[in-house]
Amino acid sequence: MSHLKLFAAMVKWHGIKILRKPDIARRVFLHGQRYVSSGNSEPFLNGSNSNYVEEMYYAWLENPQSVHKSWDLFFRNANAGQTYDPHLPDQLERKASFLQSHGLAQTPGKAEKLVEDHLAVQSLIRAYQIRGHHVAQLDPLGILDADLDSFVPSDLITTIDKLGFYGLHESDLDKVFQLPTTTFIGGNENSLSLREIIKRLENTYCQHIGLEFMFINDVEQCQWIRQKFETPGVMKFTNEEKRTLLARLVRSMRGRLNVLANVIRKELEQIFCQFDPKLEAADEGSGDVKYHLGMYHERINRATNKKITLSLMANPSHLEAVDPVVQGKTKAEQFYRGDTAGKKVMSILLHGDAAFAGQGVVYETFHLSDLPSYTTNGTIHVVVNNQIGFTTDPRMARSSPYPTDVARVVNAPIFHVNADDPEAVMYVCSVAAEWRNTFNKDVVVDLVCYRRRGHNEMDEPMFTQPLMYKQIHKQVPVLKKYADKLIADGTVTLQEFEEEIAKYDRICEEAYTRSKDNKILHIKHWLDSPWPGFFNMDGEPKSMSCPPTGISEDLLTHIGNVASSVPVKDFKIHAGLSRILRARLEMTKNRVVDWALAEYMAFGSFLKEGIHVRLSGQDVERGTFSHRHHVLHDQEVDKRTCVPMNHLWEQQAPYTVCNSSLSEYGVLGFELGFAMASPNALVCWEAQFGDFHNTAQCIIDQFISSGQAKWVRHNGIVLLLPHGMEGMGPEHSSARPERFLQMSNDDSDAYPEFSEQFDVSQLYECNWIVVNCSTPANYFHVLRRQILLPFRKPLIILTPKSLLRHPEAKSSFDEMVSGTTFQRVIPENGLAAQAPHEVKRVIFCTGKVYYDLVKERKNQDLEKQVAISRLEQISPFPFDLLKEELEKYPGADLVWCQEEHKNSGYYDYVKPRFRTIVNHTRPIWYVGREPAAAAATGNKNTHLVSLRRFLDTAFNLEAFEGKTF
């Protein structure tokens, strides 16, 4: 090692980075300040770097002004007290004089050893910070191979004989080394002996807490974490805090109901009565198992004496599916409270280790954490890591060392902690809370523990994990461990501990006795999202009627004019967009709307009424089909945008429209959670294509379809699913309406009684509403009805693609003004309706195919013989209106025509219901495409041939003669 290389090592020790190009050195900051570089650094002390250092050093010796001031400052500080003679005989003497003045050149060997030892100590400290968690004592059971990573890194010192790995020796242990600025183990001391350095590093990184944070690319955040854990004596608790912790452990040892009982403070008698198998359910619906129910509770924070509201979300057994739902509800609560910084509302997500590692929705949820319209300003994730799934150990459950590795994708620090050390757990959780409050970013607490009993009451874990459970059976419970520790150090006495146990036993016994008086279970008492004032005292709607959904013509005109304008000065829009806005203005003048303008009218009308509107999904701002354009972009100023909908009135509710990440599962869950927070908001999620809700099916099945039946939870979320057969292939055609219809809870065989408010009562009884509107006006009305109803139901809208610009798919203001309303069925109103007894065939259909049928009927001159009626609302089935329509044409064939294949679409749903209306006296014939495995063809010619075939059948008036049903 030459003297110059040795000097370069000194440069590195003092905080200078050797860069690829000399001019980049001008961006270097010295002495521990932050380093910024636009280029990649080369391996330290390679040829070009050492030559560069040599050049800089010689140049400075000749003339200090010839180098950048940062180098000048370094050389002057390094040579404090020395004066260089620029007339020394040669460069070697100058080098020797410089090195000797710092005690580095007495002998080359000593100088090299001193620098190398300092570098070795710095590397040692960094190794502990990066890899100390690998050797930390995290597992209460002590079975390292129960985890994937039982490897002990060889570069970490656990015994003295490994000093040689760093070129250090036992004789160096008592040498004192200056500590770098990247560690806080010294406290107020700037230097420590190597022995003390190792001791403090092991106490910080290799005991019951394992820290993963060095992958974070923010120096300030890394320094913050180092300070919280490395500072000597930082993890100390008062005797009062220890006694409180012991009391909380006593209460929490009841196990899986701990969160309900002790965090949310659900009344114990309510919990006990839920377990009574003889309890009668007072609420409609299925209910759910006790572990899935949620809770909403207000309590006093004794530390601050302020009221705090806690909401435990009801969730299905689909493990992590609730994650984005919690985030969406949190975002909504923040939004309605004006909490833009997340200082009033926050979320805590409780995970299982196997699910956290295994389920993709965890990744989707993490990736929402920093997106502007989805961030909740940091979430605390607590992983209850019992080192096993149901019967699957980690070696079969994941490919990564830890279940928490997915959190690295968003630079979230991960704090592993041995859950048998309550004080370590409490400290880690307090640091996690402070991290979230300081940096507004996610953080993960990995509670490494074990499952004392089986997965459920009947499970025998020894079947599949005999070695683990032999160890568990020997394990002293954490409560006894901690109690023994506090008794030993005199914090509590044995008598005080036993009295604490007896006290809580009495509380439980008394609550159990009171629970026997409860004979009826009210699931609505377990609501996690109550809507005060929306329902009456019994939780029922205040009325069972819905007002007309039309609005005044002045309002329609005003919204249309704003939708056609750029309400921000000096804002340059795209020329193509100018044409679109001019077309909107022309439609408004002509009192006509297309699909996009009708949507604008519905959204805008709510904003005037103080109803918040939120539209989320992939590319919704412009619209996948370039039809919406709710966000205008300045063509000359980057990131300058305008949302005209937020300029409708001075006093209006806000409109939120946000392009989402390329996620359906996570984002739909998020929007569902947002819709839970308040009934006074229209929350819409749009799939880029209706087919894409496939990857969000879990949210649809577990929450949207059955949420009210399981948890008495109303939700008014709207799903917009672009649907239509246009030869665009099976992934861009069908929103699979048959799935939604199959999950609808109305009875195909039950002929209903028609009351005055039958339409609203029918909506109240259903689990969700499925519509396929054929006109912009009806789309406008169904959106308006969603908020004007006295209750909330999910609304599934099969939205069009080609109808967005179809010349016939337009509506007049006359169909939208005050007094008008949503049409569940649009009956035939042409020539056929004028002479119904002459009609030979009635074709029932829904959606886009109507326009194909009308065109073909006109081409074949069958407008008097064939009537065409449209089902706009498919579920719940409009029995009353269809009964009128069927009775109107007593001698006609009844045909159901759909563009979807026979084994999909609507036929299997509508057929038995039509037969119920006619009491099985008249057949309902099918016309459409044949059954197929794929939802649609991707060949345009094949598409047109099949369309031609079923249109011919639809208007062949002899097609069904002689056939039986």
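Everything in this summary refers to the structure shown in the same document. Note that the structure is a prediction, hence the values are computed from the model and not measured.

1. Focus: the sheet that holds strand β17 (residues 681-686)
- Read from one edge of the open sheet, seven strands run β16-β13-β17-β18-β20-β19-β25, paired in mixed fashion. In this open sheet, the two edge strands, each paired with only one partner strand, are β16 (655-659) and β25 (873-875). Ignoring which end each strand starts from, the neighbouring axes of this sheet average 20° apart.
- In the sheet, β17 pairs with strand β18 (residues 718-722) via three bridges, with the strands oriented parallel. Along β18, the bridge assignment pairs E686 with L720.

2. Brief notes about helix α8 (residues 239-252)
- Taking 1.5 Å as the rise per residue, α8 with 14 residues should run 20 Å; its terminal C-alpha atoms sit 20 Å apart, in good agreement.
- Here α8 has its buried residues at K242, L245, L246, A247, L249 and V250.
- Looking at the buried residues of α8, the elements they touch are α15 (422-439), α17 (478-488) and α18 (494-515).

3. Some details on the nonpolar core
- Residues L719, F844 and F914 are the most contacted members of the largest nonpolar core, which totals 92 residues.
- It is helix α22 (residues 665-676) that provides the largest number of residues to this core, a total of eight residues.
- Filtering out sequence-adjacent residues up to four positions away, F914 remains in contact with F844, L871, F877, L882, L886, W896 and I924.
- The next biggest cluster of nonpolar side chains, apart from the first, holds 60 residues, and it includes I551, A563, L763 and L795.

4. Brief notes about the packing of aromatic side chains
- Counted under the stated rule, the structure contains 33 aromatic pairs.
- Each ring, one from F165 and one from Y166, has its centre 5.2 Å from the other, and the planes form 70°; the classification is edge-to-face.
- Accessibility expressed as a relative area gives 14% for Y166, which makes it buried.
- Taking the centre distance of 5.1 Å and the plane angle of 75° together, the rings of F877 and F879 count as edge-to-face.
- Take F877: its relative accessible area is 0%, and that puts it in the buried class.
- By relative accessible area, F879 is classed as buried at 3%.

5. What to know about the sheet that holds strand β26 (residues 893-901)
- An order of β22-β24-β23-β26-β27 is seen for the five strands of this open sheet, with the pairing classed as mixed. At either margin of the open sheet sits one strand with a lone partner, and together these are β22 (825-826) and β27 (924-929).
- Relative to strand β24 (residues 866-871), β22 is paired through two bridges, and the arrangement is antiparallel. Counterpart to V825 in the pairing with β24 is L871.

6. Structural notes on unusual backbone geometry
- Omega for the bond connecting S875 with P876 falls within 30 degrees of zero, at 0°, which places this linkage in the cis form.
- Here P876 shows up in the loop between β25 and α30 (879-888).
- Here Q387, not a glycine, exhibits a phi torsion of approximately 65°, which is positive.
- Secondary-structure assignment places Q387 in the loop between β8 (379-385) and α14 (394-397).
- A positive phi angle, close to 55°, is found at R736, a residue other than glycine.
- Relative to the helices and strands, R736 is located in the loop between β18 and α25 (737-742).
- For R736, a relative accessible area of 21% corresponds to the partly exposed category.

Definitions and limits used
- Residues numbered from 1 in each chain as written.
- Predicted model: local features only at pLDDT ≥ 70, side-chain atom pairs only at ≥ 80, totals over all residues.
- Heavy atoms only, no water.
- Pairing = 2+ DSSP bridges.
- Helix = DSSP H or I, 4+ residues; strand = E, 2+ residues; numbered from the N terminus.
- Axes fitted to C-alpha atoms, helices over the stretch in contact; angles between N-to-C directions.
- Expected span 1.5 Å × (residues − 1).
- Buried < 20%, exposed > 50% of the residue type's maximum accessible area, 1.4 Å probe, protein only.
- Contact = heavy atoms within 4.5 Å.
- Core = buried A, V, L, I, M, F, W, Y, C linked by side-chain atoms within 4.5 Å.
- Phe/Tyr/Trp six-rings, centres within 6.5 Å; stacked < 30°, edge-to-face > 60°.

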